[in-house]
Structures are given as structure tokens and as C-alpha cells.
Amino acid sequence: MTTKTAPSAQTKTRASAPSNANKVFGQAVLVLQGGGALGAYQLGTYQAMHEAGIEPDWVVGTSIGAINGAIIAGNPPEQRLPRLHEFWDRMELNKGNPFGPLLGMFGATFNNFNTMSKGIPGFFSPNPDAIYGQHAKIGIEKASYYTTRPLRETLTNLIDFDYLQSKKTRLTVGAVNANTGEMRYFDSHKDAMTVEHIMASGALPPAFPAIRIDGQPYWDGGIYSNTPVEVVLEDNPRRNSTIFTIQLWNPAGTEAESLWEISGRQKDIQFSSRANSHIERQQQIHQLRHIIRELGKQLPEKLRSQPAVKELTAWGCGTTMHLVRMLAPRLEGEDHTKDIDFTAHGIHTRWQAGREDTQRAIDAAPWNDPVDFKDGLVIHDFEHNGVCV
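The following refers to the structure shown. (Residues numbered from 1 in each chain as written. Predicted model: local features only at pLDDT ≥ 70, side-chain atom pairs only at ≥ 80, totals over all residues. Heavy atoms only, no water.)

**A look at the nonpolar core**
Proteins that are soluble and globular tend to have nonpolar side chains buried together. Counting residues in each nonpolar core, the largest one holds 70 residues, and the members touching the most others are Phe 87, Trp 88, Leu 171, Ile 198 and Phe 342. The dominant element in this core, judged by the number of residues it contributes, is helix H2 (residues 64-73), at seven residues. Among the nonpolar cores identified, the runner-up in size contains 14 residues, and Val 29, Val 60, Leu 233 and Leu 323 belong to it. (Core = buried A, V, L, I, M, F, W, Y, C linked by side-chain atoms within 4.5 Å. Buried < 20%, exposed > 50% of the residue type's maximum accessible area, 1.4 Å probe, protein only. Helix = DSSP H or I, 4+ residues; strand = E, 2+ residues; numbered from the N terminus.)

**Focus: the pattern of salt bridges**
For the structure on display, the rule yields 20 salt bridges. Residue Arg 90 pairs with Glu 86 through a salt bridge whose shortest N-O separation is 2.8 Å. Placement of the pair is Arg 90 and Glu 86 together in helix H3 (residues 77-91), with a separation of four residues, close to one helical turn. By relative accessible area, Arg 90 is classed as partly exposed at 29%. (Salt bridge = Lys/Arg side-chain N within 4 Å of Asp/Glu carboxyl O.)

**Considering the packing of aromatic side chains**
On inspection of all chains with the given rule, the structure shows ten aromatic pairs. A ring pair is formed by Phe 123 and Phe 124, whose centres lie 5.1 Å apart and whose planes are at 75 degrees; its orientation type is edge-to-face. On the basis of relative accessibility, which here comes to 8%, the residue Phe 123 falls in the buried class. Ring plane angle 75 degrees and centroid distance 5.4 Å describe the contact between Phe 186 and Tyr 218, whose orientation is recorded as edge-to-face. Placement of Phe 186 in strand E7 (residues 183-187) and of Tyr 218 in strand E9 (residues 216-220) is noted, with a sequence separation of 32 residues between them. The class for Phe 186 is buried, based on a relative accessible area of 0%. Lying over the aromatic face of Trp 58, Arg 170 brings its terminal NZ or CZ to 3.8 Å of the ring centre. (Phe/Tyr/Trp six-rings, centres within 6.5 Å; stacked < 30°, edge-to-face > 60°. Lys NZ or Arg CZ within 6 Å of the ring centre and 35° of its normal.)

**So, the packing of helix H1 (residues 40-51) against H3**
Orientation of H1 relative to H3, taken along the N-to-C sense of each, is 160 degrees, at an axis distance of 11 Å. Classified by the angle between their axes, H1 and H3 sit roughly antiparallel to one another. Once H1 is placed against H3, the crossing between them reads as left-handed. On H3, the residues touching Ala 40, Leu 43, Tyr 46, Gln 47 and His 50 of H1 are Pro 77, Arg 80, Leu 81, Leu 84, His 85 and Trp 88. Residues of the contact of H1 with H3, tallied by class, amount to seven nonpolar, three polar and one charged. (Axes fitted to C-alpha atoms, helices over the stretch in contact; angles between N-to-C directions. Parallel < 35°, antiparallel > 145°, perpendicular 65-115°, else oblique. Left-handed = near helix turned anticlockwise from the far one by under 90°. Contact = heavy atoms within 4.5 Å. Nonpolar A, V, L, I, M, F, W, Y, C, P; charged D, E, K, R; others polar.)

**Quick word on H2**
Of all ten residues that make up H2, ten are buried, and the element is covered over most of its length. The set of residues buried in H2 consists of Ile 64, Gly 65, Ala 66, Ile 67, Asn 68, Gly 69, Ala 70, Ile 71, Ile 72 and Ala 73.

**Some details on unusual backbone geometry**
Residues Pro 205 and Pro 206 are joined by a peptide bond in cis, for which omega reads -5 degrees. For Pro 206, the position within the fold is in the loop between helix H8 (195-201) and strand E8 (211-213). In this structure, Pro 237 follows Asn 236 across a cis peptide bond, with omega equal to 0 degrees. Here Pro 237 is to be found in the loop between helix H9 (230-233) and strand E10 (241-247). Positive phi outside glycine occurs at Asp 214, with the angle close to 50 degrees. Relative to the assigned elements, Asp 214 resides in the loop between E8 and E9.

**Thoughts on the packing of H1 against helix H14 (residues 344-364)**
The interhelical angle for the contact between H1 and H14, taken along N-to-C directions, is 40 degrees, at an axis separation of 6 Å. In terms of axis orientation, H1 runs oblique to H14. Where H1 crosses over H14, the handedness of that crossing is right-handed. Side by side, H1 and H14 meet where Ala 40, Tyr 41, Leu 43, Gly 44, Thr 45, Gln 47, Ala 48, Met 49 and Glu 51 of the first sit next to Ile 347, Arg 350, Trp 351, Ala 353, Gly 354, Arg 355, Asp 357, Thr 358, Gln 359 and Ile 362 of the second. Within the contact of H1 with H14, the residues separate by chemical class into nine nonpolar, six polar and four charged.

Shown next as C-alpha cells:
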């Protein structure tokens, strides 16, 4: 697997973006994974891009990534950060509560279980229909522990769907059909996107209810594929791209020794969605396309003009995609409830980490480095604190 690692650099707090910061290779793409409260890291990622003058041409997201992505793509650039901050301000646990600091002393786990019992204003609240019990057949749109009606109002207030439909920034969100088990990607360049499409991508069962679109019930795309970068790598026609993709879940970790730790490792492995193996396969495919293109150039003109040969050489491709991967850090003391850690500490620490890591990647600008002619997909891995994988 061809992987380029960029040198570490000191984190900079920018007063203004450097002169070459807005020069990425090809289209700028932002791919956002699902992960609940861990998605605060994505807020920092976008903030660093915005401060560097890099606005995404295309945003792809699942679950919380779809929500963050829709707020970005569904607003003009100057309104994106204020709207993102407003969303995460609404999500912050105990905000405005005079006893908030006292509750924070009990640690994230206490607060996370408090979230499970009460929900989060503006996002979800306990579902009264759940009182009928696990076996009550109340319908797929009601059978959940929580209702996401508050999220509908929040998204309606924060996303300008008219702007989204103007196609200035492309948005793709993933959801899985609850009846067929098939993944579907809704795309603002092809579909009339509504609040239901965003909510469907974040409808994680059994916590949240399915969302019906065109008569079909949809659940959170993360239960099928939580790292939707394949949408970009398989797009047709392919385009030169710099793809910023965020890994919220840590696929590698120390050996778990308790049921509590095993629950955390299980989530990390499940929601990292075999991202490395998917990308490795795509890297092989893109390399083969480049080789086919180069082989076609070696054929005589007379042979290249034959219909059968034209059909075969059409599989070749000369585009190059730079995949800039960032791995969100583990926080000290986090556990398997980390994806509902909407505490002020959790949100702000992850947000700042995302900003610092992305600034580092932008400063390194590895997409400007020369690549082998065979490489159609080049990987650049960054870890937190300037350490490259």
C-alpha cells in the first residue's frame, strides 16, 4: 500500500491564511464518518480548512458526519462556522445549567448515562411509545428508545435547503434501507435533498426511529458502511482530488481485559468499518487503471482505433487522488460511552484536536509532492500531536 507520511510541524494559530493555503490538488473533498459526539473533531477539521481558504467542493457524510456535512454544504461559506458552532453549542451537555460544573466533577461516564436517561435538547428525547415494551408492534417509525423530533427542528433552522439545492457545494449522505439492507447514497446533484435525508443518515437503531423516504424506511448508514470514502473513489467520471477523511474510531488498540473495555473495542472495530481494507482495494484498482492507460499508449495508432481495443483501453484512467487521513485522538478516561460524551470538555477537546491536526496537514501539503505515474490513489496519514502513522 503506497502511503506517504508528511513531516510533523508545530501547530500554528492563524491570524490569516498563508498565501498558498488554498491550493489543493484538484477538487477538495471532505469525508465525514459517523460517531455521535466524536463528530466534534470534524468541526475542528472544517474550521482549519476554512481558515486556510479551503472550501470543500464536495462533502460526504454518514450519521453525525451527514449532519455536520449538511450544515457545511447547506450554507454559504461565511455562515458555515457560525452554524456549526450553533449546532454544537446546542448539543453541549449542561450548557447554561448553574450546576453544570458540579455535574462535570462526576466525570464523562456519569454525564453520558445522564444523557441516556434524559436525551439532549435539540437532538433527541425519550420516546413515550417505548413504554409499550420491546415486543409491541408499533411500527418502524415509532419503535425506538428516543424520538428525534427535536433534531428535525434544529436542522431545519441551521440548514438552508434552497442553498443546498443550488449545487454550489455537493453533498452526499449514506443511509441503509431497513427492508432490503442495501446502502443508498443520496446526492444533492441528483436528489432533491430534504431534512429527512439528513435525519435518515443518522437514524441509528434501536436508539432512533427509521425515517421514511419515498415510502421506504431508512436507518443510519453507519451500520452498513461508516466510512463512505468509496463514494468518492468510485465516482464517475473520476476527477483529480484532495480528499480529507476523518477516522473517529480507533481500529487498533490495546488488548481489552474487562467487559467494559471489550465494549469499547467492539465499537471501535465495528464503526471503523474496515476502512483500511476498502481503501487498499481501491488503491489497487486505481493503480490498474493507470497501468491500462500507460499500456494503451504503447499500442500503435491503428490498433488503438479498433473498437474492441478502444473498449478495453477505456478502463484506463489518468486521474490522481490524494487521500489525507486523520485519526482522532483518544481522550484520557474515555470508554464505550464516548460517542455520547457531549460534555463541554469532550466537545471542546475534540474540536481543538481536529483543528490542530488539520492545520498540520495543510501546512505539510503532501498533495504537492511528486508521485509515481502508476499511483492513482496516494495515502497521507496523520496522527494527533504531529505524529504520522
